[in-house]
Amino acid sequence: MNAPDHRLGKPDIALTDALMAAFAMFSLKSPSLLAFDQERTDGNLQRLYGLQRVPCDTAMREILDPVQPKALRPLFQAIFRALQRGKALEAMLFVEGHYLLALDGTGYFSSQQIHCESCLERHHRNGTITYAHQMLGAALIHPDRRAVIPLMPEPIVKHDGTEKNDCEREAAKRLIVQLRQDHPHLPLIVTEDSLSSNAPHIQVLQEHHVHYILGVKEGDHAYLFAQVAAAEHAGRVTYYDRDDPETGLRHRFRFISDMPLNESHTDLRVNFLECWEWEQDKVQHFSWVTDLRVNKGTVYQIMRGGRARWRIENETFNTLKNQGYHFEHNYGHGYQHLSVVFAVLMLLAFLVDQVQQLCCPLFQAVWAKLGSKRRLWERMRAFFYAYVLTSMRQLFEALFYGLQKMAPIFAVDSS
Ligand SMILES: [Zn+2]
C-alpha cells in the first residue's frame, strides 16, 4: 500500500502499516476496532499482511483520519490490472467484448450526534441535524456470475471548504470522468436504476463513450411512455415472445428505437424496451432505455444486463452489510476522512475476497466445504488468532484439510 504520507518527519508507525492494519481488520471481518486491537497477536499480521509494526486502535485512527480517500484509488487499479493481465477479467465479459458496470448509491452511516468534516448534513425544522455518509459504488458484474469486481467507489461527501451537500448525480459525473482516466479504452455498458435516466447523466455517458442500459418508470418518464403508446397505435413497436424451457420462464418483449427521453430533451434519442416475465401465474414487469441496438436477436441479453444490476445491491452492498463485513458498523468516525477511508478499505478487502472467489480454487474449495461465507470468515478468524501461521495459503489449506492433516502437506510444500 503506497499512499503519500501526510505526516512530517519520521513517524513511529508507517502510514503503510496503519492502512494495512485497517485492511487486515476488514479482511478478517473483525467486528470492531477494539476487538481487532484486543485479539491481535503479533506475528501473523506481520507474516500474512506484511505489516512491520502494528498500530494500536488509537494510533490507527489518528494516522488514517487525515488521509485523502482518493489516495487509495491506485490500490483498486493495481488489483484490476492484475486481473486484466491474468486474463481473469475475461470471465466477466458480457456482450461483444463489453463489460457490464453497475452503479448504485448507498448510505452507510447516519447519526444525530457523531459527525465529521465530510458528513452530509440534513437540517430539520426543529433545529436538529442528521449527519450521514453515502457513496456511489461501481462494480463489474455479469448475469451468470456471483463474483463482482468493485472499482474505487466515489464518496458522496461535503467537500472541503463548501457548505453545499454533494449528491449522487454529481458523484456519478466524477466517477465516470475518473473511470475514463483510469481505463480509457475499457469497453463498458453501464447499468443503473431509473434515477439515472436523465438527460445530463446520459450526456456524460455519451461524452465518455460508455454505453448504457438504464431503468425507466412510467411514473417518472410519463412523456416517454406516452410516445411509446402513440408508436404502438401507429403499429411501430415490435413484440417478441421467448420461452425458456430450462427455467419454465416466459418472456414477452416490446421495444422500439429512436424515442425522445423526455419533453425537454426531445433531441436526446434512446431505444426503449420492456419485458414481462411470467413464472406460473406471477408476472414481473421491467423497462429500460439503452443506446444498444434492440432487436429480436439482442433484446434478451439487454434485459439480462439490465436486471443484473441487482448484483451491486445484493451481492455487494447487502453482502457488506450482512455477510460479516459490518459495513454500517462504526469503527470510529474521525474528524476529517476516517469514516470514508474505512469504508473504502472495507470495499478493498471485499474486492480481494471477490478476486479469490473468482480465481482461487483453494478459496472456492474452502467456501464449498464450509457452506457459507459467514462460516468461512469465522473459521478463518479463529485459526488466525489461535495458530502461528506463515502464509495466507497455509491458513486456507488448514481450513480445507484440517490442522491434523496439514502438517505433512506443508513439509513438502516448497512455495
Ligand atoms: Zn462524517
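Note that this is a predicted model, so its numbers are computed, not measured. (Residues numbered from 1 in each chain as written. Predicted model: local features only at pLDDT ≥ 70, side-chain atom pairs only at ≥ 80, totals over all residues. Heavy atoms only, no water.)

(A) Here's a closer look at the overall build of the chain. Looking only at helices and strands, the chain has 15 helices and twelve strands in total. What you see for the chain is a C-alpha radius of gyration of 24 Å, in line with the 22 Å of a compact globule of 415 residues. Along the first, second and third principal axes, the C-alpha atoms of the chain reach 75 × 55 × 40 Å. A burial count over the chain gives 52% of its 415 residues as buried. In the chain, once contacts between residues fewer than 6 apart in sequence are set aside, the share between residues at least 24 apart is 62%. One finds the centroid of the 45 positive side-chain charges in the chain at a distance of 4 Å from the centroid of its 47 negative side-chain charges. (Helix = DSSP H or I, 4+ residues; strand = E, 2+ residues; numbered from the N terminus. Rg over C-alpha atoms; globule rule 2.2 N^0.38 Å. Buried < 20%, exposed > 50% of the residue type's maximum accessible area, 1.4 Å probe, protein only. Contact = heavy atoms within 4.5 Å. Lys, Arg positive; Asp, Glu negative; His and termini not counted. Charge placed at Lys NZ, Arg CZ, Asp CG, Glu CD.)

(B) Quick peek at the environment of Leu-120. Residue position: Leu-120 is located in strand S3 (residues 120-123). Spatially, the C-alpha atoms of Leu-120 and Ala-132 are 5.1 Å apart, while their sequence positions differ by twelve residues. Other than its neighbours up to four places away in sequence, Leu-120 contacts Thr-130, Tyr-131, Ala-132, Gln-134, Ile-156, Val-157, Lys-158, Asn-165 and Asp-166.

(C) Layout of the packing of aromatic side chains. For the structure on display, the rule yields 14 aromatic pairs. Consider the rings of Phe-23 and Tyr-49, whose centres lie 6.3 Å apart with planes at 70°: the pair is edge-to-face. Taken together, the residues span a long stretch of sequence, with Phe-23 in helix H1 (residues 15-27) and Tyr-49 in helix H3 (residues 44-49) at a distance of 26 residues. Accessibility classification places Phe-23 together with Tyr-49 in one group, the buried group. With 5.0 Å between their ring centres and 85° between their planes, Phe-26 and Tyr-331 make a pair best called edge-to-face. Here Phe-26, found in helix H1, pairs with Tyr-331, found in the loop between helix H10 (310-322) and helix H11 (338-359); they are 305 residues apart in sequence, far enough to count as distant. Considered together, Phe-26 and Tyr-331 belong to a single accessibility category, that of buried residues. In textbook terms, an aromatic cluster arises when at least three aromatic residues are bridged by ring pairs, as seen for Phe-23, Tyr-49, Phe-384 and Tyr-385. Lying over the aromatic face of Trp-367, Lys-373 brings its terminal NZ or CZ to 4.5 Å of the ring centre. (Phe/Tyr/Trp six-rings, centres within 6.5 Å; stacked < 30°, edge-to-face > 60°. Lys NZ or Arg CZ within 6 Å of the ring centre and 35° of its normal.)

(D) Spatial organisation of the coordination of the zinc ion. Around the zinc ion, the protein supplies Cys-116 (SG), Cys-119 (SG), His-133 (NE2) and His-333 (NE2) as donor atoms, at distances of 2.1 to 2.2 Å. On the primary sequence, the residues serving as donors to the zinc ion are separated as C-x2-C-x13-H-x199-H. In this pair, Cys-116 is assigned in the loop between strand S2 (98-111) and S3 and His-133 in strand S4 (residues 129-142), connecting sequence segments 17 residues apart. Overall, the relative accessible area of 0% leaves His-133 in the buried class. (Donors = N, O, S within 2.8 Å, 3.2 Å for Na, K, Ca; no water.)

(E) Quick peek at helix H5 (residues 73-85). Relative to the 18 Å expected for 13 residues at 1.5 Å per residue, H5 spans 19 Å between its end C-alpha atoms, a close match to the ideal helical length. Listed in full, the buried residues belonging to H5 are Arg-73, Leu-75, Phe-76, Gln-77, Phe-80 and Leu-83. Looking at the buried side of H5, the elements it contacts are S4, strand S5 (145-150), strand S6 (154-156), helix H6 (168-182) and H11. Trailing H5 by a residue or two, Lys-87 shows a phi angle of about 65°, which is positive. (Expected span 1.5 Å × (residues − 1).)

(F) Seen up close, the packing of H10 against H11. As a packed pair, H10 and H11 sit with axes 11 Å apart at the nearest point and diverge in direction by 115°. In the crossing of H10 with H11, the sense of the turn from one axis to the other is right-handed. Every residue of H11 that contacts H10 at Glu-315, Thr-316, Thr-319 and Leu-320 is listed here: Met-346, Leu-347 and Phe-350. Looking at the contact of H10 with H11, its residues break down into four nonpolar, two polar and one charged. (Axes fitted to C-alpha atoms, helices over the stretch in contact; angles between N-to-C directions. Left-handed = near helix turned anticlockwise from the far one by under 90°. Nonpolar A, V, L, I, M, F, W, Y, C, P; charged D, E, K, R; others polar.)

(G) Layout of the environment of Leu-45. Along the polypeptide, Leu-45 turns up in helix H3. For the pair Leu-45 and Val-210, spaced 165 residues apart in sequence, the C-alpha separation works out to 41 Å.

(H) Main features of H11. Along its 22 residues, H11 runs 31 Å from first to last C-alpha, staying within 8% of the 32 Å computed at 1.5 Å per residue. Extensive coverage of H11 is indicated by the burial of 19 of its 22 residues.

(I) Main features of the nonpolar core. Counting 137 residues, the largest nonpolar core has Tyr-49, Leu-64 and Phe-342 as its most contacted members. Of all the elements, H11 adds the most residues to this core, at 15 residues. With near-sequence residues (within four places) excluded, Tyr-49 lies in contact with Met-20, Phe-23, Ala-24, Ser-27, Leu-28, Asn-44, Met-380, Phe-384 and Met-392. (Core = buried A, V, L, I, M, F, W, Y, C linked by side-chain atoms within 4.5 Å.)

(J) Here's a closer look at the pattern of salt bridges. This model, assessed by the stated rule, comprises 15 salt bridges. For Asp-166, the salt bridge is made with Arg-174, and the minimal N-O distance between the two is 2.6 Å. Owing to a relative accessible area of 12%, Asp-166 belongs among the buried residues under this scheme. Of the charged contacts, one joins Arg-252 and Asp-241 as a salt bridge, the two residues approaching to 2.8 Å between their closest N and O atoms. Here Arg-252, found in strand S10 (residues 249-262), pairs with Asp-241, found in strand S9 (residues 238-244); they are eleven residues apart in sequence, far enough to count as distant. Residues joined in a network through salt bridges with shared partners are Asp-104, Arg-309 and Glu-313. (Salt bridge = Lys/Arg side-chain N within 4 Å of Asp/Glu carboxyl O.)

All we've got here are geometric facts, nothing functional implied.
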